[in-house]
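So you can see what is in the structure, the chains are spelled out below.
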Amino acid sequence: MKIEPVGMREKTILRVVARLFIPFILLFALYVQFHGDYGPGGGFQAGVIFAAGFVLYGLIFGLPTLQRVVPFIVVEASVAIGLLLYAGVGVATVLLGGAFLDYRVLDAHDATQGLHLGILLVEFGVGLAVAGAMLVIFYAFAGRRSD
Amino acid sequence: MAPIELLLFAFLIAVALLVARLRDLLAAALLLGIFSLLCAGLFVLNDAVDVAFTEAAVGAGVSTILLLGTLSLTRREEKSQPTRWAPLVVVFVTGGALALGILDMPAYGDPTAPIHQHLAPDYIAGTAAEFGIPNVVTAILTSYRGFDTLGETAVIVTAAIGILALLASGRRWKGGAP
């Protein structure tokens, strides 16, 4: 008899429900991410929800499976890229002749469009950094459990 | 104060006392998740939906999972310790001082409190006039307080680096299993 390596693999209901739910959790995270200007939410909340979807996957299907879906190097990179994107927008506004993080200069013709673009990019950076950080922490904790 | 708020506050206090009394750490971790959810409910009643969102996602969701992950590395029961009276006295004196301090605060949810009169009207007017977006919180976080949010993102990144340095020492992380 084959012994399953992870605790919850044999729970059929959990697996089926998780498979149904995870796409909607990720979709909801994207909605919160890109609809943050108009409704509640933004990069931070979206990052946490996005990471929570993967954490659920990891809890049900095991850490090794999760690491095949999202390799650790991707998680680690998204933490750094998120912060660099945020700071990079600031540097870009300086290079375009504005103050640091003054998004209005991002669009040469319409200051409001520049503000929207800046907010979108910065929120995306926050989302990447937060989702990555949450998964890094989860990987670190869950990885200790298995040894 | 609305009856629903009184009810949530009563639950909040009951859950907090229960968490402090419990020896079963698994139950305490799950109750802390409920505590966060009650807080999120209170934030919603104060129209602070963004904060409620964060509290529900982080406090009730991710941190509960992290607490459970930590519990799987340690024991489920708290070791029983003899009651020490000096810390109890310190806690009560500090709590009493804080309670005295909040007597001078504006009433709960008072819209005319000083904190709502200083910069908030400018932010609310400016968001509609300059940004053309309805969510004032997004405008404040990313633009008016853009430096703060950059710093907060750096704090989160630092936390991730710190966790890696603490829990992943002496192992190869690159591409492989931790």
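Computed from a predicted structure; not experimentally measured.

Chemist: Lay out the pattern of salt bridges in plain terms, naming residues and giving numbers.
Modeler: Enumeration according to the criterion identifies four salt bridges over all chains in this entry. We note a salt bridge from Asp102 of chain A to Arg104 of chain A, for which the minimum N-O separation is 3.1 Å. One salt bridge connects Arg23 of chain B with Glu78 of chain B, and the closest N-O pair in it is separated by 3.4 Å. Placement of Arg23 of chain B in the loop between helix 1 (3-21) and helix 2 (25-45) and of Glu78 of chain B in the loop between helix 3 (49-71) and helix 4 (85-102) is noted, with a sequence separation of 55 residues between them. One network of salt bridges, in which partners are shared, links Asp102 and Arg104 of chain A together with Glu130 of chain B.

Chemist: Explain the domain arrangement of chain B to me, and be specific about the residues and the numbers.
Modeler: Examined at the domain level, chain B breaks down into domain 1 (1-78) and domain 2 (114-171). In this structure, domain 1 of chain B and domain 2 of chain B have C-alpha centres spaced 24 Å apart.

Chemist: Give a detailed account of the environment of Pro134 of chain B, specifying residues and quantitative values.
Modeler: Note that Pro134 of chain B resides in the loop between helix 5 (120-131) and helix 6 (136-144). For Pro134 of chain B, a relative accessible area of 51% corresponds to the exposed category. A C-alpha to C-alpha distance of 45 Å links Pro134 of chain B and Leu73 of chain B, two positions 61 residues apart in sequence. The residues contacting Pro134 of chain B, other than those within four sequence positions of it, are Asp37 and Tyr38 of chain A.

Chemist: Any details on the confidence of the model for chain A? Residues and values, ideally.
Modeler: Residues and elements named next belong to chain A. Averaged over all residues, the pLDDT of chain A is 86; the fraction at 70 or higher stands at 91%. When mean pLDDT is taken per element in chain A, helix 4 (residues 72-95) scores highest with 93 and helix 5 (residues 111-145) scores lowest with 88. Between residues 1-5, whose pLDDT stays under 50, and residues either more than four places distant or in other chains, the model counts one contact.

Chemist: Provide a residue-level description of the interface of chain A and chain B, including the pertinent values.
Modeler: Contacts between chain A and chain B engage 47 residues on the former and 42 residues on the latter. Carbon and sulfur atoms supply 76% of the area that chain A and chain B bury against each other, a total of about 4,000 Å² over both sides. Scanning the region where chain A abuts chain B turns up one salt bridge. Close ionic contact of Arg104 of chain A with Glu130 of chain B constitutes a salt bridge, the shortest N to O distance being 3.2 Å. Our count for the contact surface shared by chain A and chain B stands at 12 residue pairs in polar contact (both at pLDDT 80 or more). When residues of the side of chain A that touches chain B are traced back to their parent elements, those giving at least two are helix 1 (12-34), helix 2 (43-61), helix 4 and helix 5 of chain A.

Chemist: Account for the nonpolar core, naming residues and giving values.
Modeler: In this structure, Leu66, Tyr86, Tyr103, Leu135, Val136, Phe138 and Tyr139 of chain A are the most contacted members of the largest nonpolar core, which totals 54 residues. Listing elements by their share of this core, those giving two or more residues are helix 1, helix 2, helix 3 (63-69), helix 4 and helix 5 of chain A together with helix 3 and helix 7 (146-167) of chain B. A domain-level breakdown of this core finds at least three residues from each of domain 1 (1-78) and domain 2 (114-171) of chain B. Counting seven residues, the second largest nonpolar core, distinct from the first, contains Leu12, Leu31, Leu38 and Leu42 of chain B.

Chemist: Describe the packing of helix 5 of chain B against helix 6 of chain B, with residues and values.
Modeler: Residue and element names in this part refer to chain B. The interhelical angle for the contact between helix 5 and helix 6, taken along N-to-C directions, is 90°, at an axis separation of 10 Å. Taken as axis vectors, helix 5 and helix 6 run roughly perpendicular relative to one another. Contacts between helix 5 and helix 6 pair Asp122, Tyr123, Ile124, Gly126, Thr127, Glu130 and Phe131 from the former with Val136, Ala139, Ile140, Ser143 and Tyr144 from the latter. Taken together, the residues of the contact of helix 5 with helix 6 sort by class into seven nonpolar, three polar and two charged.

About the cut-offs
- Residues numbered from 1 in each chain as written.
- Chains lettered and ligands numbered in written order.
- Predicted model: local features only at pLDDT ≥ 70, side-chain atom pairs only at ≥ 80, totals over all residues.
- Heavy atoms only, no water.
- Salt bridge = Lys/Arg side-chain N within 4 Å of Asp/Glu carboxyl O.
- Helix = DSSP H or I, 4+ residues; strand = E, 2+ residues; numbered from the N terminus.
- Domains from an automatic or database assignment.
- Buried < 20%, exposed > 50% of the residue type's maximum accessible area, 1.4 Å probe, protein only.
- Contact = heavy atoms within 4.5 Å.
- pLDDT = per-residue confidence, 0-100.
- Buried area = accessible area lost by both parts, 1.4 Å probe.
- Polar contact = N/O pair within 3.5 Å; in protein donor to acceptor, adjacent residues only side chain to side chain.
- Core = buried A, V, L, I, M, F, W, Y, C linked by side-chain atoms within 4.5 Å.
- Axes fitted to C-alpha atoms, helices over the stretch in contact; angles between N-to-C directions.
- Parallel < 35°, antiparallel > 145°, perpendicular 65-115°, else oblique.
- Nonpolar A, V, L, I, M, F, W, Y, C, P; charged D, E, K, R; others polar.

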